Amino acid sequence: MASTHPDPRPPGADAPGPARTEPGRAGRIEAHGIDRIPESERHGRPRDLFAVWAAANVNYLSLVIGGALVLMGLSLGQTLAVLVVGNLFWLLTGLVATSGPAAGAPSEVITRALYGVLGNRVNNAVGGWLVSVCYFALNLAAAATAAFALVERAGLTANTAVKVAVILLIAVVTLAISVYGHATIMKLYLPITLVLTAAFAGVALAVARHADLAHRPEHPLTGTALWAALAAGTTMTASGPLSYTTSADFSRYLPRTASRWAVTGWTALGAFLPSVLVSALGALAATAVDMTDPQESLQRILPGWFSPVFLLALVLGTVSANALTAYSAGLALQAVGLRVRRSVSVLLDGAVAVALTLYGLLASRFLDTVGNALQVIVVLIGPLMAVYATDVLLRRGRYDGAALCDETPGSPFWYTRGFNRAGALALLAGVGAAALCADTLYTGPVAAALGGVDLSLPAGLLVSAALYAALMRGDDAVRAARTEG
């Protein structure tokens, strides 16, 4: 017979038993899942977020993006401008991170305020879990390509069996960090940031000796072709920050009194600086070598002894990024309604991502896959970020964590039959507008009329933000949050 005593753990907690009041420690599996973090377990400072986001953005994918912009026909100056503009969207990532300390809950729970208790399950299934798993697969593929080169340098043949083994090994290391969770991530990422900075500084010295600062495209782009390339490049660059609608996952352990300006600033700065610098390094390298295969080409200008260090740094950087992605994907799976431990949900996500990675590496061209995926996915993630950021501004960063964790029809975030029509309509309208303006794997009618200029990024962001703000201004909970304190 089942026990008649209710589980005293809050919903979404990672393990049964009495509620824990001791803060999590590095090296121990995190006890919390999507449940609210008690005030007694809140700790740390906003500046601790800098290393978390820096470590996650010194990676191979940033090199690929920088090199790809030059390959698209942009000049070096145009490429650097696109990198700065695209990475300014990290400010939105920082803004939504402020909801974490306010609610003491992860983004996957906070977004119940946007879509309703049941509507948010759909949001987490598509905008949370699916997007995270796709990014996990892309980053895992990036790490694997560098690891394959290490295998070859060790004198082994990177046949299919070896490649599968390498992918599985990298996935195990990544998932181990995610399973151990928040405290382990906070402890590891400062030393990881320092190691990666040193390694990429070595790469920068080698690139500086070969880069052509006066580089000009063989056939400079003009007119519509130039605007199309600038728009596509900005979209590709912005896809990184826009994908992190989960930034509250890593700030929710901060005290409720943490400065919102500090949380925004340290999150955004920690991601912006390495993203711009590493992407710019990729662009400079593209003036000296063929960046259609960055990992292979860069080794030609690196000292022989440094090549293994470079390859290991590529693997470590992508593992760092993927550990955050897998962590959030596990929370998203719980928020969908799957009642399993967070550690189990992370492993389930990893299994799906590994399968996608094997397909991406063994059955398609990696660079094409990256470019297409990053541009197509903005049709969805741009509006998702816009709705979330607008909600934070409307509520002035004030969220009731206890109410957000209430999944019953009596919850203030139940709205109408579990759905907030304002959030759903704003998101769908933004996705529709972005799809009409996209020029990626398909060309929308607006993009076709503009000669291939892709305006999906601004269209999706502006339509979703404006419509959500208009529909939610009269909401009682929003008015209460704006007048609180």
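As a starting point, this report considers the structure included with it. Predicted model, so just to flag it, every value in this text is computed and none were measured.

### Quick notes on the overall build of the chain
Inference 1: Each helix and strand counted, the chain has 21 helices and zero strands in total.
Inference 2: Against the globule reference of 23 Å for 485 residues, the chain gives a C-alpha radius of gyration of 22 Å, in line with a compact fold.
Inference 3: C-alpha extents for the chain along the principal axes are approximately 70 × 50 × 40 Å.
Inference 4: Scored against the burial criterion, the 485 residues of the chain give a buried share of 57%.
Inference 5: At a minimum sequence separation of 6, the contacts of the chain that also span at least 24 residues come to 82%.
Inference 6: Of the roughly 19200 Å² of accessible surface on the chain, a fraction of 67% belongs to carbon and sulfur atoms.
Inference 7: A gap of 6 Å separates the mean positions of the 31 positive and 27 negative side-chain charges of the chain.

### Considering the layout of surface pockets
Inference 1: Looking at the second largest pocket, its volume works out to about 310 Å³.
Inference 2: Around the second largest pocket, the lining is made up of 15 residues, and of these Thr197, Phe200, Pro274, Leu277 and Val278 lie nearest the centre.
Inference 3: Where the lining of the second largest pocket is concerned, the elements lending two or more residues are α1 (48-57), α10 (182-210) and α12 (260-285).
Inference 4: No other element matches α12, which puts seven residues into the lining of the second largest pocket.
Inference 5: Taken together, the residues that form the lining of the second largest pocket break down as 13 nonpolar, two polar and no charged.

### Quick word on the nonpolar core
Inference 1: Among the nonpolar cores identified, the biggest contains 118 residues, and Leu63, Tyr189, Leu242, Leu298 and Phe310 are the most heavily contacted of them.
Inference 2: Of the residues forming this core, the biggest block, 14 residues, is contributed by helix α8 (residues 119-153).
Inference 3: Beyond its immediate sequence surroundings of up to four residues, Phe310 is in contact with Leu63, Val203, Gln295, Leu298, Gln299 and Leu302.

### Comments concerning the pattern of salt bridges
Inference 1: Tallied over the entire structure, the rule returns eight salt bridges.
Inference 2: The salt bridge partner of Glu39 is Arg42, with a shortest N-O separation of 3.6 Å.
Inference 3: Between Asp391 and Arg395 there is a salt bridge; the shortest N-O distance is 2.8 Å.
Inference 4: For Asp391, a relative accessible area of 0% translates into the label buried.
Inference 5: Overall, the relative accessible area of 2% leaves Arg395 in the buried class.
Inference 6: Among the charged side chains, a salt-bridge network with shared partners connects Arg112, Arg121, Arg339 and Glu407.

### Description of unusual backbone geometry
Inference 1: The backbone of Arg396 sits at a positive phi, close to 55°, despite the residue not being glycine.
Inference 2: Positionally, Arg396 belongs in the loop between α16 (366-394) and α17 (401-404).
Inference 3: Unlike most non-glycine residues, Arg417 shows phi in positive territory, near 55°.
Inference 4: Locating Arg417 in the fold gives a position in the loop between α17 and α18 (421-437).

### Some words on the environment of Glu108
Inference 1: Note on placement: Glu108 falls in helix α6 (residues 107-110).
Inference 2: Overall, Glu108 belongs to the buried group, its relative accessible area being 2%.
Inference 3: Ignoring any residue separated from it by four or fewer positions in sequence, one finds Glu108 in contact with Asn120, Asn124, Thr246, Asp249, Ser328, Leu331, Ala332 and Ala335.

### A look at the side chain of Thr193
Inference 1: Position of Thr193 among the secondary structure elements: in helix α10.
Inference 2: Thr193 sits in the buried class, given a relative accessible area of 9%.
Inference 3: Only 3.1 Å separates the side chain of Thr193 from the backbone oxygen of Ala51, close enough to count as a polar contact.
Inference 4: Excluding anything up to four places from it in sequence, Thr193 contacts Ala51, Ala54 and Ala55.

### With respect to helix α14 (residues 307-336)
Inference 1: Taking 1.5 Å per residue as the helical rise, α14 with its 30 residues ought to reach 44 Å, and the 43 Å between its terminal C-alpha atoms agrees with that figure.
Inference 2: Once α14 ends, the next one or two residues include Gly337, with phi positive near 125°.

### Considering the environment of Val344
Inference 1: If you trace the backbone, Val344 turns up in helix α15 (residues 342-362).
Inference 2: Considering only alpha carbons, one finds Val344 and Gly330, 14 residues apart in sequence, at a separation of 7.9 Å.

Rules of the game
- In this convention, every chain numbers its residues from 1, walking through the sequence in written order.
- Predicted model: local features are reported for residues with pLDDT of at least 70 only, side-chain atom pairs are reported and counted for 80 or more only, and whole-chain, interface and lining totals are derived from all residues.
- Side-chain measures were taken over the full set of non-hydrogen atoms in the model, leaving aside hydrogen atoms and water.
- Where helices and strands are cited, they refer to DSSP runs of H or I of at least four residues and of E of at least two residues respectively, numbered from the N terminus.
- What the globule rule says is 2.2 Å times the number of residues to the power 0.38, and the radius of gyration is computed from C-alpha atoms.
- Buried, partly exposed and exposed residues are distinguished by accessible area as a fraction of the type maximum, computed with a 1.4 Å probe on protein chains only: under 20%, between the cut-offs, and over 50%, respectively.
- By definition in these notes, contact holds between two residues if any of their heavy atoms fall within 4.5 Å.
- Only the protein chains shown count as cover for residues, and the accessible areas themselves come from Shrake-Rupley with a 1.4 Å probe.
- A positive count includes Lys and Arg, and a negative count includes Asp and Glu. His and the chain ends are not counted in either.
- Charge positions come from single atoms, namely NZ of Lys, CZ of Arg, CG of Asp or CD of Glu.
- A cavity here means a set of points on a 1 Å grid, drawn over the protein atoms and nothing else, where a 1.4 Å probe fits but cannot get out; a pocket is an open set with protein on both sides within 12 Å along at least five of seven lines, and a residue lines either one if it has an atom within 4 Å of a point.
- Grid points are joined across faces, edges and corners, and a volume is the space filled by probe spheres set on the points.
- Throughout, the ten residues Ala, Val, Leu, Ile, Met, Phe, Trp, Tyr, Cys and Pro are labelled nonpolar, Asp, Glu, Lys and Arg are labelled charged, and all others, Gly among them, are labelled polar.
- By convention a nonpolar core is built from buried Ala, Val, Leu, Ile, Met, Phe, Trp, Tyr and Cys residues, the set being connected through side-chain atoms within 4.5 Å.
- By definition here, a salt bridge exists when the distance from a side-chain nitrogen of Lys or Arg to a carboxyl oxygen of Asp or Glu is within 4 Å.
- For the purposes of these results, a polar contact is taken to be a pair of N or O atoms within 3.5 Å, where, inside protein, one atom must be able to donate a hydrogen and its partner to accept one; residues adjacent in sequence count only when each atom of the pair is a side-chain atom.
- Expected helix span is given by 1.5 Å per residue-to-residue step, counting one fewer step than there are residues.

Function cannot be inferred from these measures alone, as they are strictly geometric.
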